[in-house]
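Examining the three-dimensional arrangement
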Amino acid sequence: MVSAVIGFPRVGKQRELKFASEKYFRGEINKQELEKIAIELRKEHFIYQKEQGITYISSNDFSYYDGILDTAVLLNVVPECYRALKLNELDTYFAMARGYQGAEGDVKALAMKKWFNTNYHYMVPEISDDMKIELVGDKPFVLYQEAKELGLETKPVIIGPFTFLKLAKYQGTKKAKDFAEDMINAYSQLLEGFHKLGVKWVQFDEPILVTDLTGEDIELFEQIYQRLLKRKGNCKILLQTYFGDVRDCYSNIIGIAFDGIGLDFLEGKKNLELVKQNGFPKDKILFAGLLNGKNIWKCNYKNVLEIKKELQEYAEQIVLSTSCSLLHVPYTLDSETKLEQEVKQHFAFAVEKLAEMKELCYLAESSDYTKEQVYLDNQQICESERKYQDKEVQKKTALLEEKDFTRLPKRAERQELQKKVYHLPLFPTTTIGSFPQTQEVKKNRSSYRKGEIDKVAYDKKVFELIHDCIRKQEELGIDVLVHGEYERNDMVEFFGENLAGYIFTEKAWVQSYGTRCVKPPIIFGDVKRIRPITVAYSSYAQSLTDKQVKGMLTGPVTILNWSFPREDISLKEMAYQIGIAIREEVLDLEEAGINIIQIDEAALKEKMPIRKSDWYSGYLDWAIPAFRLCHSGVRPETQIHTHMCYSEFEEIIRDIDNMDADVISFEASRSKLTILDAIKDSEFETEVGPGIYDIHSPRVPSVEELEEVLKKLLTKIDKDKLWVNPDCGLKTRGIAETEASLKNLVEAAKIVREKAEKC
Ligand code: GLN
Ligand code: ZN
C-alpha cells in the first residue's frame, strides 16, 4: 500500500515564515530574503515526507498568506483597487491580504472567512462583472519544478475551479456559472502547463462538495469537469474532498473521468456507506482519508486497518491518505521538551503522522497485522487508561438540569433594569477586550515564562499596564472599559492554564490566518476550575475608575473549539464541564463587583456541522445551553455580553438570541451586512454592537467613514439597542493606529448620538 498527503503545514516548525513575513512587512528584509526562507521551508517539508516514504507528496501547498488568495492572483482575480496601487506583484498580493495604506492609496483587505469547520481562514476572492479570469501566474509550475530539482515527483495541488467559484464573492450581476467558461479555459491552461512539465498527478481540492449542494450546483460541477478533463493531457487528476462526505454527488463524481477520488472516511460519516451502496469504479484509485489530519492523537491502527479492509471489497486500488491537509495540526512532537512521556505517547503531530502512515502501509501488507509488534505497541497505548480522570466532575456534569440553563427574569425586564442602573449613554462605546500586545507586554510574559521574573513582578507589570489602559480609555472617552487582557495573549490558553485536565505545548502552533498562528491547548482529562482566573485583574481595573469595567471571559464552546478535544468522551460533555468552570468564574466576578461580564464565543460557529441537517443534532443542541450554563446564575442587573468573530449567523439568528446574553458584539465590517436585516426581521432581543471597523488591518478609519457606518446601522437597528465598537479585540494592532481609530470611533459615536438626541 502506498500513501498520500493532501497538504503540509507551511509556517515552519519555529514559525519561520511568520517571522520572516512580518519582517518583510516592516521593511526589515527584502523580497529575496523572504523568498529564501520560503524555499528552505519547502525543502524541509519535502524532506520530512520523503523520509517517511510518502508516495504522493503535494507541491504548491505552500503559501505566503493563503492558498485561495494565491489561486485568485494566479487567475487574475485581482480587484481594480489593488491594481491601482501599482505595487509589485508580491506587495499587491499582500495588499489584498492585509489592506494597504500609503502614498499609493488606501484600500481595505479582502474579506476573510473561516475555512469550513476549521480555525483556518481564507481570503474571499472578489469577482466583478468585467473581470477576465485567465491564467496569469506560474506559481504551481515553479513549485513543482523546485521539488523536481530536489529529486521529488510531486502532485501539484490547487483549489478546484468549482470550490473557487463557490467561495468567491460576486460584486456585480454575474454569478459563478457565468465564469465557468473562463475557469475551464484557465484550468485547461494550467493542465497544459503541467502536462508540458511532465507532471504525473494533479490534485484539485474540492471541499465544497461536502456541503449541501443544489441540483444546479452539481450540474455546474459536472459541466466544468467533463470539459476540463478532456484537456488533461497526460496528467492524472485526483479529485480531493475533505471535512465531510459527498452524499449529494457521489454518483456524479464517480461518473466523471477522474483518475483518483479522495474521500474523507473520518469526518465524512457517510462516505463508507456511499462506497458500499454504489460501489467504486475499477479504473479509479481511491485515496482513502483514514489518517486524521485534524487531531493530535496517536492514530488507532485498528480502526484504520478495519475500514481499509472494508473498502478493499469495493475499491481495487487504494492509497492511504490523510483525511485533510495537515495544515491544521502542529509540526512535531520533537519540539515538545516538557511533556511527560505518559502524556506524550498519546500524541502524533504532522511529522509523527507521516511516520504512522509508513507503519500503516507496512501493516497493510502484512498477512496478519494483529501479530506485528508495531501494531501491538500501538494498541497498548491506544487502549491504556488515561491520566486525569475526575469522578466528581463527571457526576456534576451528569446531574445538570433545565434550571441550570435558564436565566431569570426574562431579558426585556433585565435590560430595562440595567438601563436604569448603569446610565449608559445612547450608543455606548466599548471595545472587545484586548489592547495592543506591545513588545513591552510580550517581554513581560516571556520573561516570566523563562523564569527571569517571578509571578509578583509579572503581575506588577500587568497591573501597571491595566492602569495605563484604563486611563487611556477614560481619556479617549470610551463608555464601558476593559482591562486590556495583558495577562493573556491567547483567549483559550490562558483559561486552560487555570483548568485541570488541560495539557500545554511549547511549539504546537497552527496557522489561523496569514501570519497569525495559534497554539491550541489539549483537553486531556476531565476539566474543572482550579482557582479564580481573572478576578484579580478585573477587580483591580474596576477599582481605578467610576466607569463600568467589563469582565472578560472566554465561553465554553470557544474554549472547546479552540482546543484539541478528547475523542474518548463527547463534545457535549466537554462543553458542559468547561461551562461549569466558567460559571464559577462568572459568579466570582459578580461577587467581586464586576457588573458587566463579557463571555466571548468567538468560535461558536467554527465547529458548526457543515451540513444543515446536522446542526441541531449534536451541535447547537448543546452549544447554546453550554453558554447559558455560564451565566444563568447571575443577578438580573448583571449585564452579560458576548462577542463573536463573524457576522454570518443569519441562519442561526434564533439560536444566537437564545444564548440569552444582554448584549452581543460581532464582526460586521469585513463581510456583507445582511446580518442587519436578519436582526431586524427576527426581532432580535439582544442589544447589538456590530463592529464598525476592521481590526485585522492596520488601517485607521476616518470619523466620516465611521459615521456613515453608524448611520447605516441605525436604519436597521433600534437606537436603544445599538452599541459602538471595533469588530474584534485589538491585541494584534499597534498602539498608534489603535488610539487613532478609537478616537475616531468615539467621535463618530458622539456626532451620531447628538443628532439622534435632537430628533
Ligand atoms: N476578548 C477577546 C479580545 O478582545 C476576543 C478575541 C476574539 O474574539 N477573537 O481579544
Ligand atoms: Zn472577535
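Above this note sits the structure.
Residues numbered from 1 in each chain as written. Chains lettered and ligands numbered in written order. Predicted model: local features only at pLDDT ≥ 70, side-chain atom pairs only at ≥ 80, totals over all residues. Heavy atoms only, no water.

**Quick look at the sheet that holds strand β21 (residues 639-644)**
The cut-off we apply is this: By definition, two strands form a pair when at least two bridges between them are found by DSSP. In this description a helix means any DSSP run of H or I spanning at least four residues, a strand means any run of E spanning at least two, and both kinds are numbered starting from the N terminus. For helices, the axis comes from a line fit to the C-alpha atoms of the stretch in contact; other axes are also lines fit to C-alpha atoms, and the angle between any two N-to-C directions lies between 0 and 180 degrees.
Taken in spatial order, the five strands make up an open sheet running β19-β20-β21-β22-β23, and their pairing is parallel. If you trace the sheet from one side to the other, it starts and ends with β19 (550-554) and β23 (687-690), each paired once. On average, each strand axis in the sheet is tilted by 20° relative to the strand beside it, whichever way the strands run. Direction of pairing for β19 relative to strand β20 (residues 596-600): parallel, over a ladder of five bridges.

**A short note on the sheet that holds strand β2 (residues 58-59)**
Strand order in the open sheet formed by eight strands is β1-β14-β13-β12-β11-β10-β8-β2, and the pairing between neighbours is parallel. The two strands at the open ends of the sheet, each matched to only one other strand, are β1 (2-4) and β2. Bridge analysis of strand β12 (residues 260-264) against strand β13 (residues 285-291) gives five bridges, and the strand direction is parallel. Opposite isoleucine 261, over in β13, you have leucine 286 as the bridge partner.

**Some remarks on unusual backbone geometry**
Cis geometry marks the peptide bond from leucine 408 to proline 409, where omega comes out at -5°. Along the chain, the position of proline 409 falls in the loop between α16 (391-398) and α17 (411-422). Although it is not a glycine, phenylalanine 116 sits at a positive phi angle of roughly 50°.

**Some points on the pairing of β13**
Rules: Think of it in three bands: with a 1.4 Å probe and only protein chains considered, a residue is buried below 20% of the maximum accessible area for its type, exposed above 50%, and partly exposed in between. Assignment of crossover handedness uses the view with strands pointing away from the viewer, where a clockwise path from the first strand over the helix to the second indicates a right-handed crossover.
Of all seven residues in β13, seven are buried; the element is thus mostly enclosed. Between the parallel pair β12 and β13, the chain is carried across by helix α11 (residues 271-278), and the sense of this crossover is right-handed. In the sheet, β13 pairs with strand β14 (residues 317-322) via six bridges, with the strands oriented parallel. Counterpart to isoleucine 285 in the pairing with β14 is glutamine 317.

**Some thoughts on the site of ligand 1**
Going by this rule: The criterion for a residue being near a molecule or strand is simple. One of its heavy atoms has to lie within 4 Å of it. Pairs of N or O atoms within 3.5 Å make up the polar contacts considered here, provided that, within protein, one atom can donate a hydrogen while the other can accept it, and that residues adjacent in sequence are counted only when both atoms are side-chain atoms. Nonpolar residues are Ala, Val, Leu, Ile, Met, Phe, Trp, Tyr, Cys and Pro. Charged residues are Asp, Glu, Lys and Arg, and all others, Gly as well, are polar.
Contacts to ligand 1 come from 13 residues, most closely from Ser434, Glu485, Asp600, His643 and Cys645. The contact in question runs from an oxygen atom of ligand 1 to an N or O atom on the side chain of lysine 731, over 3.2 Å. Among the residues forming the shell around ligand 1, the class breakdown is six nonpolar, four polar and three charged.

**A short note on the coordination of the zinc ion (ligand 2)**
Put simply, the test is: Sites may look incomplete because water is not among the atoms; the donors themselves are N, O and S atoms within 2.8 Å of the metal, or within 3.2 Å for Na, K and Ca. Only two sets of limits are used to name each site, 85 to 135 degrees for every angle of a tetrahedral four-donor site, and over 155 degrees for opposite donors with all other angles from 65 to 115 for a square planar four-donor or octahedral six-donor site, with any other site named irregular.
At the metal site, the zinc ion (ligand 2) is ligated by His643 (NE2), Cys645 (SG) and Cys728 (SG), and these contacts range over 2.1 to 2.2 Å. One way to put it: the four donor atoms around the zinc ion (ligand 2) meet at angles of 85 to 123°, and that makes the site tetrahedral. Each donor residue of the zinc ion (ligand 2) lies on the same chain, and together they follow the pattern H-x1-C-x82-C. In this pair, cysteine 645 is assigned in the loop between β21 and α25 (653-657) and cysteine 728 in the loop between α27 (703-714) and α28 (735-758), connecting sequence segments 83 residues apart.

**Details of the side chain of lysine 519**
Rules: By definition in these notes, contact holds between two residues if any of their heavy atoms fall within 4.5 Å.
Along the polypeptide, lysine 519 turns up in the loop between β17 (516-518) and β18 (522-529). A distance of 2.7 Å separates the side chain of lysine 519 from the backbone oxygen of threonine 505, its partner in a polar contact. If we ignore the near neighbours within four places in the chain, the residues touching lysine 519 are Asp490, Glu493, Thr505, Glu506, Lys507, Ala508 and Trp509.

**A short note on α28**
Counting along an α-helix, one turn takes 3.6 residues, and residues three or four places apart therefore face a common direction. Cut-off, in case you're wondering: Expected span of a helix: the number of residues minus one, times 1.5 Å.
A rise of 1.5 Å per residue sets the reference length of α28, with its 24 residues, at 34 Å; its end C-alpha atoms lie 35 Å apart and thus fit the reference within 8%. Those residues of α28 not exposed but buried are Glu737, Thr738, Ser741, Leu742, Asn744, Leu745, Val746, Ala748, Ala749, Val752, Arg753 and Ala756. The inward-facing, buried residues of α28 contact α19 (455-476) and α27.

**Structural notes on the environment of glutamate 485**
Inspection of the secondary structure assignment puts glutamate 485 in the loop between α19 and α20 (493-496). Residue glutamate 485 is classed as buried on the basis of its relative accessible area of 6%. Sequence separation between glutamate 485 and serine 538 is 53 residues; the distance between their C-alpha atoms is 9.3 Å. Setting aside residues up to four positions removed in sequence, glutamate 485 forms contacts with Ile432, Gly433, Ser434, Gln437 and Met552.

**Here we look at the nonpolar core**
Quick reminder of the rule: As used in this record, nonpolar core signifies buried Ala, Val, Leu, Ile, Met, Phe, Trp, Tyr and Cys residues forming a set joined through side-chain atoms within 4.5 Å.
Counting 108 residues, the largest nonpolar core has Trp115, Ile127, Phe164, Tyr187, Tyr225 and Phe258 as the members making the most contacts within it. Counting 101 residues, the second largest nonpolar core, distinct from the first, contains Ile470, Val492, Met608 and Ile692.

**Some words on the pairing of β21**
β21 sits mainly inside the fold: six of its six residues count as buried. Here β21 shows no split at all, with Gln639, His641 and His643 on one side and Ile640, Thr642 and Met644 on the other all buried. Bridge count between β20 and β21: five bridges; the pairing is parallel. If you follow isoleucine 596 over to β21, its bridge partner there is glutamine 639. The handedness of the β20 to β21 crossover, carried by helix α24 (residues 620-631), is right-handed. Bridge count between β21 and strand β22 (residues 663-666): four bridges; the pairing is parallel. Counted as the bridge partner of methionine 644 is phenylalanine 666 from β22.

**Digging into helix α1 (residues 16-25)**
When α1 is considered as a whole, its buried residues turn out to be Leu17, Lys18, Ala20, Ser21, Glu22 and Tyr24. Considering only its buried residues, α1 is in contact with α2 (31-51) and α5 (89-98).

**Focus: the environment of tyrosine 82**
You can see tyrosine 82 is positioned in helix α4 (residues 80-83). A relative accessible area of 2% places tyrosine 82 in the buried class. Tyrosine 82 has contacts with Thr92, Ala95, Met96, Val107, Lys108, Ala109 and Leu110, leaving out every residue within four places of it along the chain. A polar atom in the side chain of tyrosine 82 sits 3.3 Å from the backbone nitrogen of leucine 110.

**Some points on the packing of α27 against α28**
How two helices pack is summed up by the angle between their axes together with the distance between the axes. Stated precisely, the cut-off is as follows: Roughly parallel means an angle under 35 degrees; roughly antiparallel means over 145; roughly perpendicular covers 65 to 115; every other angle is labelled oblique. In this scheme the handedness of a crossing depends on how the near helix is turned from the far one: anticlockwise by less than a right angle means left-handed, clockwise means right-handed.
The N-to-C vectors of α27 and α28 enclose an angle of 50°; their axes lie 8 Å apart at closest approach. If you check the angle between α27 and α28, you find them oblique. Along this stretch, α27 crosses α28, giving a crossing that reads as right-handed. Two secondary-structure elements touch here, α27 through Val703, Leu706, Glu707, Leu710, Lys711 and Leu714 and α28 through Ser741, Asn744, Leu745, Glu747, Ala748, Ala749, Ile751, Val752 and Lys755. Broken down by class, the residue content of the contact of α27 with α28 amounts to nine nonpolar, two polar and four charged.

**Things to note about the packing of aromatic side chains**
To be explicit about the condition: Stacked, tilted and edge-to-face pairs are distinguished by plane angle, under 30 degrees for stacked and over 60 for edge-to-face with tilted covering the rest, among Phe, Tyr and Trp rings (Trp via its six-membered ring) whose centres lie within 6.5 Å. Two conditions define a charge sitting above a ring: the NZ of Lys or the CZ of Arg must be within 6 Å of the ring centre, and it must be within 35 degrees of the ring normal.
Taken as a whole and judged by the stated rule, the model has 36 aromatic pairs. Ring plane angle 80° and centroid distance 5.7 Å describe the contact between phenylalanine 463 and tyrosine 537, whose orientation is recorded as edge-to-face. Of this pair, phenylalanine 463 sits in helix α19 while tyrosine 537 sits in helix α21 (residues 535-543); the two residues are 74 residues apart in sequence, bridging distant segments of the chain. Each member of the aromatic cluster is reached from another via a ring pair, and the members are Tyr24, Phe25, Phe62, Tyr64, Tyr93 and Phe94. Across from the ring centre of phenylalanine 62, 4.7 Å away, lies the NZ or CZ of arginine 42, which sits over that ring. Arginine 98 extends its terminal NZ or CZ atom over the ring of phenylalanine 25, reaching a point 3.7 Å from the ring centre.

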